[in-house]
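The lines below spell out each chain.
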Amino acid sequence: MRVARPVRAMHALGLAYRAILQANGEDELLQAVCLALVESGAYTQAGIWYTDEGEPPSLHPMAQAGSQPDQVVSASRDGQLAIEAIRCGRPLVALPGGAGAVAECVFPLLVWGETLLGCLVLYSPEAGVFDQTETELLGDVADSLATRIQALRAHAVLAHKSDHLLLVQRALRTLSAGNRVLLRAQDEAQLLSEMCRSIVEVGGYCLAWVGYAIDDEEQSIRPMAIYGEHRDMLDGLRLTWGDNAYGQTPSGQAIRSGQASVRRHIATDPGLYFYREEAVRRGFAAISGFPLVVDGKPIGCLTIFAGEEAAFEDRELSVLGEMAEDLAFGIATARAREKHAEAERTIERMAYYDSLTELPNRASLKARLSEAIEAARQQHCSLALLMLNIDRFREINEVLGYHEGDNILIETAQRLQTLLGPGCMLARLAVDEFAVLMPMADAEQAMDMARQMAATFSEPFEPAGVRVEIRVSIGIALYPGHGEEPSQLILHADAAMYQAKRQRSDIALYSGSPESDNRRRLLLIAELRRAIEDNQLLLYCQPKADMRSGRICGAEALVRWQHPEHGLIPPDQFIPLAEQTGLINPLTYWVLNAAMRQCYDWRGAGLDIPLAVNLSARNLQDPRLLDRIAGLSATWGASPDSLQFELTESTLMDDPEGALDILQRIKQMGFRLYVDDYGTGYSSLSYLKRLPIDSLKIDKSFVMSMPEERDSYAIVRSTIEMSHNLNLEVVAEGAASQQIWAQLTALGADVGQGSYLSNPMPAEQFLGWHGGH
Ligand code: C2E
Ligand code: MG
Ligand code: MG
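Only a predicted model underlies this, so the values are computations on that prediction, with no experimental measurement involved. (Residues numbered from 1 in each chain as written. Chains lettered and ligands numbered in written order. Predicted model: local features only at pLDDT ≥ 70, side-chain atom pairs only at ≥ 80, totals over all residues. Heavy atoms only, no water.)

Peer 1: Provide a residue-level description of the layout of surface pockets, including the pertinent values.
Peer 2: In this structure, the second largest pocket encloses a volume near 220 Å³. Lining the second largest pocket are 13 residues, and of these Gly258, Ala260, Pro291, Gly321 and Glu325 lie nearest its centre. Every element with two or more residues in the lining of the second largest pocket is listed here: β9 (286-294) and α9 (314-352). In terms of residue count, α9 provides more of the lining of the second largest pocket than any other element does, seven residues in total. A per-class count over the lining of the second largest pocket returns seven nonpolar, four polar and two charged. (1 Å grid on protein atoms, 1.4 Å probe; cavity = no way out; pocket = protein on both sides within 12 Å on 5 of 7 lines; lining within 4 Å. Points joined across faces, edges and corners; volume = space filled by probe spheres on them. Helix = DSSP H or I, 4+ residues; strand = E, 2+ residues; numbered from the N terminus. Nonpolar A, V, L, I, M, F, W, Y, C, P; charged D, E, K, R; others polar.)

Structure representation (structure tokens):
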């Protein structure tokens, strides 16, 4: 026994030193040393105790090994020996006093003889075990143990520090990857999903998602993009930014407070209880939520999950916060870009498509027609153009209302569409007028198609349950026999259609210009010429009001013809004729003179508002126009503020270069310029941008149908947006009801004109109306 004893002690020391060297963590170290000392068989029990602050110092157990833990517990209870050993800083031995008692030796754990960590306690049933040599040797083990504990602690602090450095570095990497995403993303959806992807792939975070705050009853958060291995994490979760039990997540808090929010202890955080199980199961340790602030308001949040509890310390958090700000900026930019693109798309659609039937419009037909003519010319074949008009559509509209009228037009488009063969094109040219282009067709094929078109209307329409019989008139013109230019063919198909109408036959093939037609036209032209000379024209005025203040800010000059037999004729019935014959020039000079005289009278009566005069394409081609304007201004002492000019889109597009030149000169004289009937013609945005215009007048067809037609509403809205982008004022004509007026105000239109304010009235009644308004 005496011989074996030192061998066992040496063995125990060897095992203990090995454990000290090999252990990687503090807890593991303590346990391994206790085990080593007991396993050797040299001691029955070993325990390690740490001291707590305080006087007298108290002890708490950290590790123990051995067969009789009770005794260790009892030793710790009174613990006097240990406390004394710690106090005096050296090993103390207690020898067994009675039967069954054991020897106990306490070694203080001191680092460099100074810093006290606790003590190592060993027991043995053999009284002579803790002799001086063995006690000294074991004292060295205790010192080495203390030193190793200290080294492990220092290492952990260092590792913690470098962990943070790594975390900040990865946040910085994420930020710069995020910047690349911002630059590259094509739209909002791509921006969000790429951002989440780069946070996970570049930053090494577990999961990233973006949610938008919805203003619904639940104040829910709608996930918009998510990336990470566990992207099913949000499935079935109740996501809300409301201030309730479910809304205490970093995401909810970030949206509510507009500040970043972090939770590092998912496993114990009460605010995350409904998240917890899933998050812990997937190895998530910390979450951060960042508000996405657009236009000063949090619109949603970016939420990031990390696997390290140490994640999202101050510096890392501020870098990620910066990234979230960049993302919000990217969202705002993408939205602005999308709005702009939508406006451009609408303009594009307006330029080439009819918004009601979604058919190509006159501009598209013209473009396709000239291509088809060119192809026919090269291939030496013919083509046909068919023009269809619904008889008495105006009456149908008046009886059934515009809404049902529109439905009939839509169904007409559908019925005609089903008849088209390959390569044919159906277009809508005017309210009740459709055209079919048949490339490569001859007269016989065109007649055949016309018959099918007429036959499709033998079936009555039943809008809103009312049976409506519809008759149509169809005119046909052929290339090359009836014309070799697009406009000529359109004109002649149109003439053939009127011929069919007059003859009350469904279909007519163009047959040269009928004498009777010419004679009637000649008569009307002569009458109009006389009407201008004899002053049978009347000046009407329709007021315009500033939509914000409600103040009357001007009026439009609109001409009427007081015919001795036919009574008051509206301008739609004679202006086109005047335009075709050149009579539009004397007519316009009559209106200009009347308008300036009117302004002169108004000024005398203390009313200083401008009158807007409509100009036609022919007016712009008249070399005397500018001199006339200057001369009349001088005669009536009119300043440029009292006169404005309106030109329709088609006027401008008739001769774009010429129009640009003359408009520039009118503008130099100081007059304001308006593009009239905007939306009905073809004008490219890039062309409009070049014109020196001040204002767009949205055509009344869109404005009047705004309350019922989503398309019209969208067109009005995007025209207003686009105009404001181009720094143009927007006038809405056809503001016929309080509802329309309110919608226009909400959309930000600048000026309104329409029957809600007043119908056009004889100019001399205007002052009285204005006074009473
Ligand atoms: P415009 O220049 O677009 O004039 C606006 C037309 O819309 C006017 O029709 C006006 O009465 C109508 N309008 C405005 N608001 C409403 C509304 O709320 N409800 C309804 N139902 N209509 C509304 P008007 O006076 O029949 O003139 C028709 C067109 O004739 C004018 O359209 C213009 O292109 C042409 N015109 C009239 N006077 C002249 C003129 O002196 N010279 C030229 N070149 N053209 C003129
Ligand atoms: Mg006008
Ligand atoms: Mg107009």
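Peer 1: Can you explain the coordination of the magnesium ion (ligand 2)? Please cite residues and give values.
Peer 2: Within the first shell, the magnesium ion (ligand 2) binds the protein through Glu556 (OE), Asn614 (OD1), Glu646 (OE) and Asp676 (OD), at distances of 2.0 to 2.2 Å. Every donor residue of the magnesium ion (ligand 2) comes from the same chain, spaced as E-x57-N-x31-E-x29-D. Taken as a pair, the magnesium ion (ligand 2) and the magnesium ion (ligand 3) show a spacing of 4.1 Å, with Asp676 coordinating each metal. Taken together, the residues span a long stretch of sequence, with Glu556 in strand β17 (residues 552-563) and Glu646 in strand β20 (residues 643-648) at a distance of 90 residues. Comparing Glu556 with Glu646 shows no difference in burial state: the two are buried. (Donors = N, O, S within 2.8 Å, 3.2 Å for Na, K, Ca; no water. Buried < 20%, exposed > 50% of the residue type's maximum accessible area, 1.4 Å probe, protein only.)

Peer 1: Summarise empty space enclosed by the protein; cite the residues concerned and give the values.
Peer 2: A complete count under the given rule lists three cavities of 30 Å³ or more for this structure. Lining the largest cavity are Trp209, Ile221, Arg238, Leu239, Thr240, Tyr246, Thr249, Ser251, Phe274 and Tyr275. Its residues placed into classes, the lining of the largest cavity shows six nonpolar, three polar and one charged.

Peer 1: Describe the sheet that holds strand β5 (residues 115-124), naming the residues involved and giving the relevant values.
Peer 2: Across the sheet, which stays open at both edges, the five strands sit in the order β2-β1-β5-β4-β3 with antiparallel pairing between neighbours. In this open sheet, the two edge strands, each paired with only one partner strand, are β2 (58-66) and β3 (92-94). This sheet shows a mean twist of 20 degrees between the axes of neighbouring strands, independent of strand direction. Sheet analysis places β3 next to strand β4 (residues 103-111), joined by three bridges and oriented antiparallel. Across the sheet, residue Leu92 finds its bridge partner in β4, namely Val106. Of the strands in this sheet, β1 (45-52), β2 and β5 touch helix α2 (residues 26-39), which is tilted by about 55 degrees from β2. (Pairing = 2+ DSSP bridges. Axes fitted to C-alpha atoms, helices over the stretch in contact; angles between N-to-C directions. Contact = heavy atoms within 4.5 Å.)

Peer 1: I'd like a description of the nonpolar core, backed by residues and values.
Peer 2: Of all hydrophobic cores here, the largest spans 84 residues; its most connected members are Leu587, Leu592, Phe645, Ile666, Val716, Leu744 and Phe766. In terms of residue count, the dominant contributor to this core is helix α17 (residues 584-604) (11 residues). If you look at the next biggest cluster of nonpolar residues, it comprises 38 residues, including Phe107, Leu109, Leu117 and Ala146. (Core = buried A, V, L, I, M, F, W, Y, C linked by side-chain atoms within 4.5 Å.)

Peer 1: Provide a residue-level description of the packing of aromatic side chains, including the pertinent values.
Peer 2: Between two aromatic rings, the relevant description is the distance of the centres plus the angle of the planes. What the rule picks out here adds up to 10 aromatic pairs. Geometrically, the ring pair formed by Tyr43 and Phe130 is stacked, given 5.9 Å between the ring centres and 5 degrees between the ring planes. One end of the pair, Tyr43, is in the loop between α2 and β1; the other, Phe130, is in the loop between β5 and α5 (132-184), and 87 residues separate them in sequence. You'll find Tyr43 and Phe130 in the same group, each marked buried. Ring geometry for Trp602 against Phe766: centres 4.7 Å apart, planes inclined by 35 degrees, an arrangement best described as tilted. (Phe/Tyr/Trp six-rings, centres within 6.5 Å; stacked < 30°, edge-to-face > 60°.)

Peer 1: Could you give me a rundown of the site of ligand 1, with the residues and numbers involved?
Peer 2: Around ligand 1, a shell composed of 24 residues is seen, among which Glu556, Arg560, Asp676, Asp677 and Ser755 lie nearest. The contact in question runs from an oxygen atom of ligand 1 to an N or O atom on the side chain of Glu556, over 2.9 Å. A distance of 2.8 Å is found between an oxygen atom of ligand 1 and a side-chain nitrogen or oxygen belonging to Asp676. The fraction of the free accessible surface of ligand 1 (790 Å²) that becomes covered by protein chains is 85%. At the level of secondary structure, the elements contributing two or more residues to the shell around ligand 1 comprise β17, α17, β21 (672-678) and α23 (700-705). No other element matches the four residues that β17 contributes to the shell around ligand 1. Here the residues of the shell around ligand 1 sort into 10 nonpolar, six polar and eight charged. (Near = heavy atom within 4 Å. Polar contact = N/O pair within 3.5 Å; in protein donor to acceptor, adjacent residues only side chain to side chain. Areas by Shrake-Rupley, 256 points an atom, 1.4 Å probe, with all protein chains shown as cover.)

Peer 1: Which residues make up the pattern of salt bridges, and what values do they have?
Peer 2: This model, assessed by the stated rule, comprises 31 salt bridges. Between Arg451 and Asp448 there is a salt bridge, with the nearest N and O atoms lying 3.9 Å from each other. Taken together, the residues Arg451 and Asp448, both in helix α13 (residues 443-456) and three residues apart, mark about one turn of the helix. Among the charged side chains, a network of salt bridges with common partners joins Asp232, Glu278, Arg281 and Arg282. (Salt bridge = Lys/Arg side-chain N within 4 Å of Asp/Glu carboxyl O.)

Peer 1: Tell me about the confidence of the model for the protein, and name the residues and values.
Peer 2: Of the residues in the protein, 94% have a pLDDT of 70 or more, and the chain-wide mean is 88. When pLDDT is averaged over each element of the protein, strand β24 (residues 751-753) comes out on top at 98 and helix α3 (residues 69-78) at the bottom at 50. Note on residues 72-77: pLDDT is under 50 here. Beyond four places in sequence and across chains, it has seven contacts. (pLDDT = per-residue confidence, 0-100.)

Peer 1: Lay out the pairing of β5 with the relevant residues and their values.
Peer 2: A regular strand places its side chains on the two faces of the sheet in alternate fashion. Most of β5 sits inside the fold, with eight of its 10 residues counted as buried. With six bridges joining them, β1 and β5 adopt antiparallel strand pairing. Bridge assignment links Gly47 to a residue of β5, and that residue is Val121. Adjacent in sequence and paired antiparallel, β4 and β5 are bridged by three residues, among which Trp112 carries a positive phi angle near 50 degrees.

Peer 1: For unusual backbone geometry, give the residues involved together with the corresponding values.
Peer 2: Residues Tyr479 and Pro480 are joined by a peptide bond in cis, for which omega reads 0 degrees. Inspection of the secondary structure puts Pro480 in the loop between β14 (472-479) and α14 (486-503). A positive phi angle, near 55 degrees, is found at His380, a position not held by glycine. In this structure, Met440 takes a positive phi of about 65 degrees despite not being glycine.

Peer 1: Talk me through helix α4 (residues 80-88); I want residue IDs and the actual numbers.
Peer 2: Within α4, the full set of buried residues consists of Leu81, Ala82, Ile83, Ala85 and Ile86. Backbone geometry just after α4 places Gly89 at a positive phi near 75 degrees.

Peer 1: Any details on the coordination of the magnesium ion (ligand 3)? Residues and values, ideally.
Peer 2: Coordination of the magnesium ion (ligand 3) by the protein is provided by Asp676 (OD), Asp677 (OD), Glu733 (OE) and Glu733 (OE), with metal-donor distances spanning 2.0 to 2.3 Å. When the donor residues of the magnesium ion (ligand 3) are listed from N- to C-terminus, their spacing reads D-D-x55-E.

Peer 1: Lay out the sheet that holds β14 with the relevant residues and their values.
Peer 2: As summarised here, the arrangement of the five strands in space is β12-β13-β11-β14-β15, forming an open sheet in which the pairing is mixed. Since the sheet does not close on itself, it has two edges, and those belong to β12 (425-430) and β15 (507-509), each with one partner. This sheet shows a mean twist of 20 degrees between the axes of neighbouring strands, independent of strand direction. Summarising the sheet, strand β11 (residues 383-390) and β14 pair through eight bridges and their orientation is antiparallel. Note on β14: the bridge partner recorded for Leu388 is Ile474. Against the sheet, helix α10 (residues 362-379) touches β11, β12, β13 (433-438) and β14, its axis set at about 135 degrees to β12.

Peer 1: Residue-level account of the environment of Gln621, with values.
Peer 2: Note on placement: Gln621 falls in helix α18 (residues 617-621). In this structure, the C-alpha to C-alpha distance between Gln621 and Ile662, residues 41 residues apart in sequence, is 8.6 Å.

Peer 1: Can you lay out the environment of Val210 for me, pointing to particular residues and giving the numbers?
Peer 2: Assignment of secondary structure puts Val210 in strand β6 (residues 207-213). Residues Val210 and Cys301 lie 91 residues apart in sequence; the distance between their C-alpha atoms is 5.7 Å. Ignoring any residue separated from it by four or fewer positions in sequence, one finds Val210 in contact with Leu192, Cys196, Arg222, Pro223, Met224, Ala225, Leu292, Cys301, Leu302 and Leu327.

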